[in-house]
Amino acid sequence: MKKALFLGITGSFFFAFTFVLNRSMNLAGGYWLWSAVLRYLFTLPIMALLLLRNGGMRPVLSSIRQQPLPWFLWSTVGFGLFYAPLSAASVYAEGWFVASMWQFTILAGILLTPLFGKKFPIKNLLLSCMILLGIFVMQIPQFRTGTAGNLPIAMLLIVIAAFSYPLGNRKMMQICPVEFSTIQRVFGMTLCSIPFWLVCGIAAMAKAGLPSGSQTVQSLCVACFSGVVATILFFHATDLVKHNPKQLAVIEATQSGEVLFTLLLSILVLHDTMPSPISLLGIALIVIGMVCNSLAV
């Protein structure tokens, strides 16, 4: 259990780099759409190398040939309509705000449950209201002082991403053969989302020209840290305790560490402003809501 807990917390640390580096690239003048495009263009060959080592690529390609439309549609929703809005949100808000607001995806996942023929989880919905309350409390200082600025735009973008991510991923879990590993599913979804990213790349080129060397390197770091390292660490942690529901719930709750790590890294590395006491209370409510949700499961 100690090893799984360590891996889960370490994974949440690497996930935090998504929010910090996206914000860093925007502050340096990098175009947000390039940040999104480059992450997936870099993730694809890395995931391909991981699959080539164990011969797992051929079944994925075969499944895509058999059901091309569902693969391309839901991969675009799950990855494209998730990460493009999330990257855009970093233009309008600081990293800790985006990371905190992103936890709305837990509530979005609950609201989508009936679409997949499952009973509506009332208990989880009630617990998720704490997350919603935390998000509301977090905004109070900005709206009270009239400094909210573009935060409503950031919130709308994150809500779109928060619904797209669980919707696309759950649809793909239904489409993928049961014997597929997580790496196989992620590789297949990344591959099938590439047409979307190529269109976005053309749009980014027309709008901002080629990305800078700094943005390219930071996007590669996001692909490695968040797309590969964090994902592998987290899923390995859940594999270690998958036969113990209580321990599994604790490991899943380590995702709340993203908010805290993003807050610390944003302040230390990017010199973002420290959240007000009221905003910190909102962040605390979000983290508590996430932990309670995992334990309730």
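Cut-offs and rules
Residues numbered from 1 in each chain as written. Predicted model: local features only at pLDDT ≥ 70, side-chain atom pairs only at ≥ 80, totals over all residues. Heavy atoms only, no water. Helix = DSSP H or I, 4+ residues; strand = E, 2+ residues; numbered from the N terminus. Buried < 20%, exposed > 50% of the residue type's maximum accessible area, 1.4 Å probe, protein only. Contact = heavy atoms within 4.5 Å. Lys, Arg positive; Asp, Glu negative; His and termini not counted. Charge placed at Lys NZ, Arg CZ, Asp CG, Glu CD. Polar contact = N/O pair within 3.5 Å; in protein donor to acceptor, adjacent residues only side chain to side chain. Expected span 1.5 Å × (residues − 1). Disulfide = S-S within 2.5 Å. Phe/Tyr/Trp six-rings, centres within 6.5 Å; stacked < 30°, edge-to-face > 60°. Patch = residues over 30% accessible without salt bridge, like charges linked within 9 Å, V, L, I, M, F, W, Y side chains within 5 Å. Areas by Shrake-Rupley, 256 points an atom, 1.4 Å probe, with all protein chains shown as cover. Salt bridge = Lys/Arg side-chain N within 4 Å of Asp/Glu carboxyl O. Axes fitted to C-alpha atoms, helices over the stretch in contact; angles between N-to-C directions. Left-handed = near helix turned anticlockwise from the far one by under 90°. Nonpolar A, V, L, I, M, F, W, Y, C, P; charged D, E, K, R; others polar.

Participant: Looking at this structure, how should I read the overall build of the protein chain?
Facilitator: Assigned secondary structure in the protein chain consists of 13 helices and zero strands. Counting from the amino terminus, the protein chain carries its helices and strands in the arrangement α-α-α-α-α-α-α-α-α-α-α-α-α. Along the three orthogonal principal directions, the C-alpha set of the protein chain runs to about 55 × 50 × 35 Å. Looking at the protein chain as a whole, 52% of its 297 residues are labelled buried. Across the protein chain, contacts joining residues at least 24 apart in sequence account for 86% of those joining residues at least 6 apart. Between the mean site of the 17 positive side-chain charges and the mean site of the 6 negative ones, the protein chain shows a separation of 7 Å.

Participant: Teacher, can you tell me more about helix 6 (residues 104-112) here?
Facilitator: Since the α-helix turns once every 3.6 residues, residues separated by three or four places project in the same direction. Taken across its nine residues, helix 6 has seven buried, putting it largely inside the fold. For helix 6, every residue scored as buried is listed here: Phe104, Thr105, Leu107, Ala108, Gly109, Ile110 and Leu112.

Participant: How do you make sense of the environment of Ser193 when you look at a structure like this?
Facilitator: With respect to the secondary-structure elements, Ser193 resides in helix 9 (residues 182-208). Not counting residues up to four positions away in its chain, the partners in contact with Ser193 are Tyr40, Ser75, Thr76 and Phe79. A polar atom in the side chain of Ser193 sits 2.9 Å from the backbone oxygen of Thr190.

Participant: Help me understand helix 12 (residues 257-269) in this model?
Facilitator: A rise of 1.5 Å per residue sets the reference length of helix 12, with its 13 residues, at 18 Å; its end C-alpha atoms lie 17 Å apart and thus fit the reference within 8%. Every buried residue of helix 12 is listed here: Gly257, Glu258, Val259, Thr262, Leu263, Leu265 and Ser266. Phi turns positive one or two residues past the end of helix 12, at His271, with a value near 60°.

Participant: I'm lost on the state of the cysteines in this one. Help?
Facilitator: Between two cysteines, a covalent bond joining their sulfur atoms is known as a disulfide. Under the criterion given, the structure shown has zero disulfides. A disulfide-free cysteine, Cys176 has its sulfur positioned 9.2 Å from the sulfur of Cys192, the nearest such atom. Note on Cys176: relative accessible area 8%, which makes it buried. The structure places no disulfide on Cys221, whose sulfur is separated from the nearest cysteine sulfur, that of Cys224, by 6.8 Å. Given the relative accessible area of 25%, Cys221 is considered partly exposed.

Participant: What is the right way to look at the packing of aromatic side chains in this model?
Facilitator: Think of a pair of aromatic rings as described by two things: how far the centres are apart, and how the planes are tilted against each other in angle. Per the stated rule, a full pass over the model turns up 17 aromatic pairs. An angle of 35° between the planes, with centres 5.2 Å apart, marks the rings of Tyr40 and Phe79 as tilted. With a gap of 39 residues between them, Tyr40 in helix 2 (residues 32-54) and Phe79 in helix 4 (residues 68-92) connect regions that are remote in the sequence. Relative accessible area serves as the criterion here: at 2%, Tyr40 is assigned to the buried category. Every member of this aromatic cluster is reached through a ring pair, and the members are Tyr40, Phe79, Phe82, Tyr83, Trp102, Tyr165, Phe196 and Trp197.

Participant: Honestly, the side chain of Ser35 in this entry has me stumped. Any pointers?
Facilitator: In this structure, Ser35 sits in helix 2. When neighbours within four sequence positions are excluded, Ser35 is seen to be in contact with Asn22, Met25, Tyr83, Gln215 and Ser219.

Participant: Whenever I open this one, a nonpolar patch on the surface confuses me. Can you help?
Facilitator: Taken together, the side chains of Met1, Leu5 and Ile9 make up a nonpolar region of the molecular surface, amounting to roughly 230 Å² of accessible area. In this structure, Ile9 sits in helix 1 (residues 2-27). The class for Ile9 is partly exposed, based on a relative accessible area of 38%.

Participant: Is there a simple way to explain the packing of helix 2 against helix 9 in this structure?
Facilitator: Helix-helix packing is characterised by the crossing angle of the two axes and by the distance between the axes. At a minimum axis separation of 8 Å, helix 2 and helix 9 run at an interaxial angle of 150°. Where helix 2 crosses over helix 9, the two elements pack in a sense that is left-handed. Here the contact of helix 2 with helix 9 is built from residues that sort into 21 nonpolar, five polar and no charged.

Participant: When you look at the environment of Asn22 in this model, what are you seeing that I'm missing?
Facilitator: Following the sequence through the fold, Asn22 ends up in helix 1. For Asn22, a relative accessible area of 3% translates into the label buried. Asn22 sits 73 residues away from Gly95 along the chain, and the two C-alpha atoms are 7.9 Å apart. If near-sequence neighbours (up to four positions away) are discounted, Asn22 is found in contact with Phe17, Ser35, Tyr83, Ser87 and Ser90. Looking at Asn22, its side chain comes within polar contact range of the side chain of Tyr83, at 3.1 Å.

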